[in-house]
2 protein chains.
Amino acid sequence: MDVSFAVNRERPGFAGGKYPADCSSRIVLNHITSRWGVLVLLALERGTLRWGELRREVEGISEKMLASTLKTFEADGILHREAQPTVPPRVDYTLTERGREVAMRLMPLMDWIADNADDIVGER
Amino acid sequence: MDVSFAVNRERPGFAGGKYPADCSSRIVLNHITSRWGVLVLLALERGTLRWGELRREVEGISEKMLASTLKTFEADGILHREAQPTVPPRVDYTLTERGREVAMRLMPLMDWIADNADDIVGER
DNA sequence: CAGAATCCTGTGAGATACTG
DNA sequence: CAGTATCTCACAGGATTCTG
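Attention here is on the structure that accompanies the text. (Residues numbered from 1 in each chain as written. Chains lettered and ligands numbered in written order. Predicted model: local features only at pLDDT ≥ 70, side-chain atom pairs only at ≥ 80, totals over all residues. Heavy atoms only, no water.)

**Structural notes on the protein's contact with DNA strand D**
How we decide: We define proximity as follows: a residue is near a molecule or strand when any one of its heavy atoms falls within 4 Å of that partner. Polar contacts, as used here, are pairs of N or O atoms within 3.5 Å; protein pairs need one atom able to donate a hydrogen and one able to accept it. Residues neighboring in sequence count only if both atoms are side-chain atoms. Working definition: helices are DSSP H or I runs of at least four residues, strands are E runs of at least two. Numbering for both runs from the N terminus. The nonpolar class holds Ala, Val, Leu, Ile, Met, Phe, Trp, Tyr, Cys and Pro. Asp, Glu, Lys and Arg form the charged class, and all remaining residues, Gly among them, are polar.
Around DNA strand D lies a shell of 17 residues, among which Arg35 and Lys64 of chain A together with Arg50, Arg81 and Tyr93 of chain B are the nearest. In the interface set of DNA strand D, defined as its atoms within 4 Å of the protein, sugar plus phosphate atoms amount to 63%. Between DNA strand D and the protein, one listed contact pairs a sugar or linking oxygen with a backbone N or O atom of Pro89 of chain B at 3.4 Å. The element contributing the most residues to the surface near DNA strand D is strand 3 (residues 90-95) of chain B, with three residues. The class makeup of the residues in the surface near DNA strand D is eight nonpolar, two polar and seven charged.

Here is the structure:
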């Protein structure tokens, strides 16, 4: 595990360590860290998925929240929605380049959580 | 092995790409991505802070939510609380090693958000 | 199949006041 | 200074029904 780069690093992001209440960063952060945001992102990171596949993949999500999460990410340019005009309809969701950038930065965190969650919760 | 659904499941995290609804990973994920979790973690990543400093640093957080967020992280072993028995009281909050591991994995994401948030929100 | 429209609820979260 | 203790409520989120 590489620790070297994080120590005493001058952080330019977030205006040098401040977190203004009404900045666009907070908005985007809230989109990504919304209840289902991370899970949807991670599911799509492995490739295109249809609506129904997403519902099954992101266990527990309601249709309403799936729709809402997908819409937010589409508006943010994080994922691309492609509807085929067939009957029955088929809709594919794919991460955009921007979405892949986010997902990529999410994965080290998710892997760490997967590795440590049992310890953390179990301790209690 | 089930070939039909085993497309390219090689991600080790999250038990091979599934996200069980009631797993400890979800719990820890929710703690970290709670409304104020990321911001508190990031504030403490630069070093120990006192209660009052945290309140000012994490702009907009209420006392109730600060207390609640800190308690959750302390119970998770993500931060350490040290109270001096002085008058007036002084309490320091510091990330544990575990907390530093989380914060470290959060920073690439936060830096990306800081760099791209204006584009994302502005587009709309 | 992929949603939209409704209705409803729990609780995350804010405001205020108080205290060791 | 560093917190509790209440009160309150908006809204995120769920359940159900309907449809092109």
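**Comments concerning the nonpolar core**
Selection criterion: Throughout this description, the term nonpolar core refers to a set of buried Ala, Val, Leu, Ile, Met, Phe, Trp, Tyr and Cys residues connected via side-chain atoms within 4.5 Å. Type-normalised accessible area, obtained with a 1.4 Å probe on protein chains alone, sets the label of each residue: buried when under 20%, exposed when over 50%, and partly exposed for intermediate values. Throughout, a residue-residue contact means that at least one pair of heavy atoms, one from each residue, lies within 4.5 Å.
In this structure, Leu54 and Ile113 of chain A together with Leu54 and Ile113 of chain B are the most contacted members of the largest nonpolar core, which totals 66 residues. If sequence neighbours within four positions are ignored, Leu54 of chain B has contacts with Ala43, Leu44, Leu49, Leu66, Leu70 and Tyr93 of chain B.

**A few points about the pairing of strand 2 (residues 79-84) of chain A**
Residues and elements named next belong to chain A. Put simply, the test is: At least two bridges found by DSSP between two strands are what make those strands a pair.
By the bridge criterion, six bridges tie strand 2 to strand 3 (residues 90-95) in an arrangement that is antiparallel. Of the residues in strand 3, the one forming a bridge with Arg81 is Tyr93. Counting the residues between successive antiparallel strands, the hairpin from strand 2 to strand 3 contains five residues.

**Points about the sheet that holds strand 1 (residues 49-50) of chain B**
Residues and elements named next belong to chain B. Just so we agree on the cut-off: Axes here mean lines fitted to C-alpha atoms, for a helix over just the part in contact, with angles spanning 0 to 180 degrees between N-to-C directions.
What the three strands build is an open sheet, ordered 1-3-2; its pairing is antiparallel. For this open sheet the edge positions go to strand 1 and strand 2 (79-84), each flanked by a neighbour on one side alone. Contacts from helix 3 (residues 37-45) reach strand 1, strand 2 and strand 3, with the element oriented near 95° to strand 3.

**A few points about the pattern of salt bridges**
In plain terms, the rule: A side-chain nitrogen of Lys or Arg and a carboxyl oxygen of Asp or Glu constitute a salt bridge if their distance falls within 4 Å.
For the coordinates displayed, the defined rule picks out eight salt bridges over all chains. Note that Arg100 of chain A and Glu97 of chain A form a salt bridge whose closest N and O atoms lie 2.6 Å from each other. With Arg100 of chain A and Glu97 of chain A both in helix 6 (residues 97-122) and three residues apart, this pair spans about one turn of that helix. Accessibility expressed as a relative area gives 44% for Glu97 of chain A, which makes it partly exposed. We note a salt bridge from Arg46 of chain B to Glu57 of chain B, for which the minimum N-O separation is 2.9 Å.

**What to know about helix 5 (residues 63-75) of chain B**
Residue and element names in this part refer to chain B. Selection rule: To estimate the expected span of a helix, subtract one from its residue number and multiply by 1.5 Å. Of all possible arcs, the one meant is that of the directions from the helix axis to the C-beta atoms.
Helix length check: helix 5, at 13 residues, gives a terminal C-alpha distance of 18 Å against a target of 18 Å (1.5 Å per residue), a fit within 8%. Every buried residue of helix 5 is accounted for by Leu66, Thr69, Leu70 and Phe73. The buried side chains of helix 5 occupy one side of the element, clustering within an arc of 95° when seen end-on. Across helix 5 from its buried face, at more than 90 degrees, point the exposed residues Lys64 and Lys71.

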